[in-house]
Every structure is written in C-alpha cells, then in structure tokens.
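Now for the letters of each chain:
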Amino acid sequence: MSHEHVSNTKRIWLVFGYLSVITTVEVILGIIKPESLEFTHFIGLNLLNWIFYILTLVKAYFIVWAFMHMEGEKSSLRWSVVSPVIFLVLYLLFILLTEGHYIYGVFKDSTIKWNF
Amino acid sequence: MGATVTTANNDEKTWGGGGDIQPLGASYGKMMMWFFIVSDALTFSGFLAAYGFSRFKFIETWPLADEVFTHFPFMHGVSAPMYYVALMTFILIFSSVTMVLAVDAGHQLKKTKVAVYMFLTIIGGFIFVGSQAWEWKNFIKGEYGAVETAGGSLLQFVDASGKRVALADFAVKLPEQREALTRSHSTWFVEDAETQPTFTVAEVQAGFKAHPELLIRTEQLTAKKKKTVLTRAESESRLGTAKYVVEGANLTRNEYGSKLFADFFFFITGFHGFHVFSGVIINIIIFFNVLLGTYEKRRSYEMVEKVGLYWHFVDLVWVFVFTVFYLV
C-alpha cells in the first residue's frame, strides 16, 4: 500500500470535536423537544426525527470515513463495502416499516381487539 | 494459506499470488475485516429494522424513552432523561478516538504510544460495558410498578397533577398473603412460574380505592405524545380488569408498556454490549502483543488497525442504537 503515513492527529481531534458537537445537539434537542419540530410532519416523519436521523448519518459518515479511514481506501473497496449495506438496509426498512404500518391499520380498524 | 502466514519479513499484508497483487488495494486481513463488518452491519440492521417494524405496529402505545431511562448515578429521585446515555455515548466516542490515535502511532512505529492508547481504549470499553450493566439493572428493577389487564394492556398510576405514583406508595397490605413457591419449599420440581410481586392485584385495587386522588394512565398516546390519563370513574372500571402486578422488566412483561419494547431493548443493547465486550477482549490480546513487541518485529502495526476497524464499528452501531432507542 502506498498510503502516506503522516500523522493525522490534528484531523482526529477535529473529527472528535464534530462528533461531540453533533451528539450534544442531539441530546439538547432530545431533552427540549421543540414543539415546532416535533409536531411538523414531512414525508412520514416529524422534523425532529428527520434531524436525528440525518445527524446520525453524519456521525456514521465521520466514523467510517475518518476513524475507520475509509477515505484512504481505493474507491473500489469503498463501493463494495458501503453500497451493499446502504441498498439492503433501505430495502429492508422499506419492506418492514410499510408492513408494520399496515398491521397497525389492521389492528386499529378491524373488529379484532388487541390490547384492551 | 500464503495470505495468513506471518513472518518477521512482513508478509502480513501479502496475498497468495505475489507481493504486488492486492485486490481492492487492501491486504487480505483488512479486507476480510471489512467484509465481516458488512455482514455484522446487516445483522444489526435486521434487528433495528425489526424494532422499527414492531414500533410501527404499536405506534400509538409505544413507551416514551424519556420516561423509561431517567436515572443518573448518585442522583436518586431526580428525573434525568438522556444524560446518562449521552455520557455513555461520549465514553464510546472517546475510546474510538484513543483507538484511532493508537493506529496513528502504529503507522509511525511508536510502540509505547500505541500501548498507552490501546490501554486507554480498553479502559473506555470497560466503563461503557459497566454503564450498560447499570442501565440494565435500573431497567430490570423498575421504579413505579404497574398492573396488566386481562387483555394485555398496561395501566400505570398517577396523581391528580399527572405525576407517576409508585405501587408502594398506595397499595395496602392485606392479611391473606401468599408466598412464592420455591423448590426448597416444595416437592421436587414444583415451583411458581414467576416470583411473586411485592403486592397482589387485590392489594393494589384496595389501595387505589383508599386513595381517591389517584388516576390511571394507559399506554395510549395522545396527539401531543403524552400518555392518556383516565377519569376516576374510568380508572376504577379499568383497574377492575387487572390481572397481574408488574414490577420492573423481564422478557415476558415490563412496567413501561409494550412487551416487545423490553424484549428489543434487552436483545439489541445486549447484542451490542456483547460486541463491546468481545472488542475489549480482542483489544487486550492485541495490547499484550504490542507490549511483547510482536508488531515491532514485523515492522507493521496493521493488526492494531484491524482491531481498530472492529472497535470503530462497535461505536458506529451504538450511534444508531442511541438514536433509535433513546432519541426518536
């Protein structure tokens, strides 16, 4: 491998800073739960949850790219690791969440009583 | 297999087929670690997606995380949602930082530095596992207690202002007490399926009758994402259908609400905790190898890099578990 093995200490601490700030923002939002965000819906989710998921993905990006040093790997390795995960997870979530929502409707509207 | 043989001549990064051939530009071990991580990531995704499935199924009755995880060490009776789990997250992120610093020092062949950072990573891992054990302890022990109706839904108790009330604060002691049958008191293999709760259903019902200010809170979420509080008359009739007293959590039922909630909590955080624990063990092994100078002789600290990948992955999973269980 022809990695340039210079010390990345500065970048590591910088990424730690990003991750800490993002986590702090998440925790503050999780405690306050601003009503304007929590009760505004946008494509099936409320804005607060959108923010949480996006921040989570940003954190995941930093962990994989900086800490696991994905940015230093060849793009062929990058794609062969990341794309199957993203594709399969989106597929799985789509199927299971749609089905879960459907079953919720069945419980709600049918004559079968679930919990009472 | 040529690829896995390691000698002092630094063949560690070599594939069978010659020194210069490297599929995807990675050494054999590193690539295998990446693909192990892919499969493990899909396993965790499956669990989290199943959690999402069950949550969507019971979206109107799912427990509120803010009311479940409210403990902080040495702060009894203080409701501190999120703080402890945020602390755990920071500990894990920080141990990831020390791990990546160890890898960085390994690239410069600084043995002492690698050892120190590995050691800090191991300490961080132990603190995290310990924190998780503490979190489990609180979750299993419970705080207020609840009752379950014959229909399987859960009823919690609140006072007029909507504050939770523990069973012990109002339940009365009735004379006809039954002790749990244990094996030591019975003929051989006969015993109660579950241990007895502190109070019986009749004691809770009698106590409720004696405290007219109490109301019952159901699992149902209102439009404002709060649990529904019944009127006194409704409360009395709902409590009449009570079948079990539920204290704390186990795999069958829990005092927080949906039964699946505790099942998923135990399973997913348990599986993650198991990963952290095995990560700590692997880190310890590599730490001793560093001390023994194994990688110094190879002139390559790639092994530290490989366990580092695993350790960061454990951190990565926690980031998602944190969001899904505690934030959303």
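Within an unreviewed UniProt entry, the label attached to chain B reads Cytochrome oxidase subunit III, and the organism entered is Flavobacterium cheongpyeongense. The record held by UniProt for chain B lists under Sequence similarities (unreviewed entry) the comment "Belongs to the cytochrome c oxidase subunit 3 family." Among the UniProt annotations of chain B, the heading Subcellular location (unreviewed entry) holds the following wording: "Cell membrane".

As annotated in an unreviewed UniProt entry, chain A carries the name Cytochrome C oxidase subunit IV and is attributed to Flavobacterium cheongpyeongense. Taken from UniProt, the Subcellular location (unreviewed entry) comment for chain A reads in full: "Cell membrane".

### Regarding the overall build of chain A
Tallying secondary structure elements over chain A gives four helices and two strands in all. Counted from the first residue to the last, chain A has its helices and strands arranged as α-α-β-β-α-α. Compactness check: chain A gives a C-alpha radius of gyration of 20 Å against a globular reference of 13 Å for 116 residues, more than 25% above the reference. Its C-alpha atoms put chain A at 65 × 35 × 25 Å along the principal axes. Burial status across chain A gives 18% buried among its 116 residues. Counting contacts in chain A only where the partners sit at least 6 residues apart, residues at least 24 apart contribute 45% of the total.

### Points about the environment of A:Asn49
All names here are of chain A. Inspection of the secondary structure assignment puts Asn-49 in helix α3 (residues 47–67). Exposure remark for Asn-49: the 17 C-beta atoms within 10 Å place this residue in the partly exposed category. A C-alpha to C-alpha distance of 9.7 Å links Asn-49 and Gly-30, two positions 19 residues apart in sequence.

### Concerning the domain arrangement of chain A
Under the domain assignment used here, chain A contains domain 1 (1–72) and domain 2 (74–116). Once you take the C-alpha centre of each, domain 1 of chain A and domain 2 of chain A turn out to be 23 Å apart.

### Concerning unusual backbone geometry
Residue and element names in this part refer to chain A. Even without being glycine, Lys-33 reaches a positive phi, approximately 45°. Given 14 C-beta atoms within a 10 Å radius, Lys-33 is considered partly exposed. Positive phi outside glycine occurs at His-69, with the angle close to 60°. Along the polypeptide, His-69 turns up in the loop between α3 and α4 (75–109).

### Remarks on the nonpolar core
Residue and element names in this part refer to chain B. Grouped together as the largest cluster of nonpolar side chains are 79 residues, with contacts concentrated most on Val-85, Ala-102, Val-114, Met-118 and Val-304. With 17 residues, the top contributor of residues to this core is helix α9 (residues 302–327). Discounting chain neighbours no more than four positions away, the residues touching Val-304 are Ala-102, Val-103, Gly-106, Val-114, Ile-286, Val-290 and Tyr-295. Of all hydrophobic cores here, the second largest spans 18 residues; its members include Phe-208, Leu-214, Leu-215 and Leu-239.

### Observations concerning the interface of chain B and chain A
When the parts of a complex come together, some accessible area is lost, and that lost area is often taken as the interface size. Listed as interface residues are 45 residues of chain B and, on the opposing side, 46 residues of chain A. Secondary-structure elements contributing two or more residues to the side of chain B that touches chain A are α1 (28–57), α3 (83–107) and α9 of chain B. With 13 residues, α1(B) is the largest single contributor of residues to the side of chain B that touches chain A. Taken together, the residues of the side of chain B that touches chain A break down into 26 nonpolar, 16 polar and three charged.

### A few points about the environment of B:Glu143
Residues and elements named next belong to chain B. Within the secondary structure, Glu-143 is located in the loop between α4 (111–141) and β1 (146–149). Among the residues examined, Glu-143 registers 18 C-beta atoms within 10 Å and is labelled partly exposed. In this structure, the C-alpha to C-alpha distance between Glu-143 and Ala-166, residues 23 residues apart in sequence, is 7.0 Å.

### Brief notes about the sheet that holds β1(B)
Residues and elements named next belong to chain B. Read across the open sheet, the five strands follow the order β4-β3-β2-β1-β5; overall the sheet is antiparallel. Looking at strand neighbours, the two that pair on one side only are β4 (227–229) and β5 (242–246), the edges of this open sheet. The mean inter-strand angle of the sheet, taken between neighbouring strand axes irrespective of direction, is 40°. Sheet analysis places β1 next to β5, joined by four bridges and oriented antiparallel. Looking at β5, one finds that Val-147 is bridged to Val-245. Sheet contacts for helix α5 (residues 201–210): β1 and β5; angle to β5, the most-contacted strand, approximately 95°. Most of the contacts of helix α6 (residues 232–240) go to strand β3 (residues 215–221), to which it runs at about 80°, and overall it touches β1, β2 (154–158), β3 and β5.

Reading the values: rules and limits
Residues numbered from 1 in each chain as written. Chains lettered and ligands numbered in written order. Predicted model: local features only at pLDDT ≥ 70, side-chain atom pairs only at ≥ 80, totals over all residues. UniProt positions renumbered as here; feature names shortened; annotations may be inferred. Helix = DSSP H or I, 4+ residues; strand = E, 2+ residues; numbered from the N terminus. Rg over C-alpha atoms; globule rule 2.2 N^0.38 Å. Buried ≥ 20, exposed ≤ 12 C-beta atoms within 10 Å, placed from the backbone. Contact = placed C-beta atoms within 7 Å. Domains from an automatic or database assignment. Core = buried A, V, L, I, M, F, W, Y, C linked by C-beta atoms within 7 Å. Nonpolar A, V, L, I, M, F, W, Y, C, P; charged D, E, K, R; others polar. Pairing = 2+ DSSP bridges. Axes fitted to C-alpha atoms, helices over the stretch in contact; angles between N-to-C directions.

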